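Here is what each chain is made of, one letter per residue.
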Amino acid sequence: MKKERIAVLLLLVLAAVSLAAYQFLSPKPVEGAKEITVNVDHLAGEDTSFTFTTQAEYLRQALEEQELAAGEESEYGLWVQTVDGETADESKQEWWGYDINGVQAEYGVDSQPIADGDVILFTLHVGW
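Conventions we followed
- Residues numbered from 1 in each chain as written.
- Predicted model: local features only at pLDDT ≥ 70, side-chain atom pairs only at ≥ 80, totals over all residues.
- Heavy atoms only, no water.
- 1 Å grid on protein atoms, 1.4 Å probe; cavity = no way out; pocket = protein on both sides within 12 Å on 5 of 7 lines; lining within 4 Å.
- Points joined across faces, edges and corners; volume = space filled by probe spheres on them.
- Helix = DSSP H or I, 4+ residues; strand = E, 2+ residues; numbered from the N terminus.
- Nonpolar A, V, L, I, M, F, W, Y, C, P; charged D, E, K, R; others polar.
- Salt bridge = Lys/Arg side-chain N within 4 Å of Asp/Glu carboxyl O.
- Buried < 20%, exposed > 50% of the residue type's maximum accessible area, 1.4 Å probe, protein only.
- Pairing = 2+ DSSP bridges.

Colleague: Tell me about the layout of surface pockets, residues and numbers included.
Modeller: A water-sized probe rolled over the atoms picks out the places where empty space is left. Taken as a whole, the largest pocket holds about 380 Å³ of empty space. Along the walls of the largest pocket sit 21 residues, with Trp-96, Gly-97, Tyr-98, Tyr-107 and Gly-108 positioned nearest its centre. Of all the secondary-structure elements, those providing two or more residues to the lining of the largest pocket are β4 (77-83), β6 (94-100) and β8 (119-126). Examining the composition of the lining of the largest pocket, we find that five residues originate from one element, β6, more than from any other. Partitioned by chemical class, the residues of the lining of the largest pocket number 12 nonpolar, seven polar and two charged.

Structure, rendered in structure tokens:
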């Protein structure tokens with residue numbers, strides 16, 4: 001019984017430390033005006049680029065202001081299905097992914113903070 005209590009206590013401490021680390025290390029939003037660039041790598045090769053100024057703190061809001069992306073709500077936020085008018089065909093295992101400043105995104109568009117000068121690249125991928 002004592003070992004079980006110690007194991008539960010250690011598990012709770014580990015969970016608390018993990019939560020604190022996430023809160024401390026997660027990126028924070030930047031307030032105020034910022035200029036960002038959104039590049040779109042279409043499957044057929046007709047790449048496009050959009051540079052605009054926004055007050056948005058997170059990527060989703062900036063994309064919706066410019067009507068650049070749409071999708072379905074999920075338990076994790078917006079599942080991006082359409083970018084710059086091109087919709088991913090899930091029956092062909094197509095999906096949109098994005099990089100921010102040359103690094104593959106670790107967050108969904110709802111929780112991805114943006115800062116002045118950010119460059120976002122959306123790419124339509126094929127294959128899970």
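Colleague: Explain the pattern of salt bridges to me, and be specific about the residues and the numbers.
Modeller: Following the criterion strictly, the structure yields three salt bridges and no others. Where Glu-64 meets Arg-60, a salt bridge forms, and the shortest distance between an N and an O atom there is 2.9 Å. Note that Glu-64 and Arg-60 are positioned in helix α2 (residues 59-65) at a spacing of four residues, about one turn of the helix. Look at Glu-64 and you get partly exposed, because its relative accessible area is 38%.

Colleague: Provide a residue-level description of unusual backbone geometry, including the pertinent values.
Modeller: The phi dihedral of Glu-67 is positive, around 55 degrees, even though this residue is not glycine. With respect to the helices and strands, the residue Glu-67 is situated in the loop between α2 and β3 (69-74). Given the relative accessible area of 71%, Glu-67 is considered exposed. Of note, the phi angle at Gln-93 is positive, near 60 degrees, even though the residue is not glycine. By the element assignment, Gln-93 lies in the loop between β5 (86-87) and β6.

Colleague: Give me the lowdown on the sheet that holds β3, citing residues and values where you can.
Modeller: Within the open sheet, the three strands sit side by side as β3-β4-β5. Their pairing is antiparallel. Single-partner strands in this sheet number two, and they are β3 and β5. Bridge count between β4 and β5: two bridges; the pairing is antiparallel. Bridging across to β5, Val-83 finds its partner in Glu-86.

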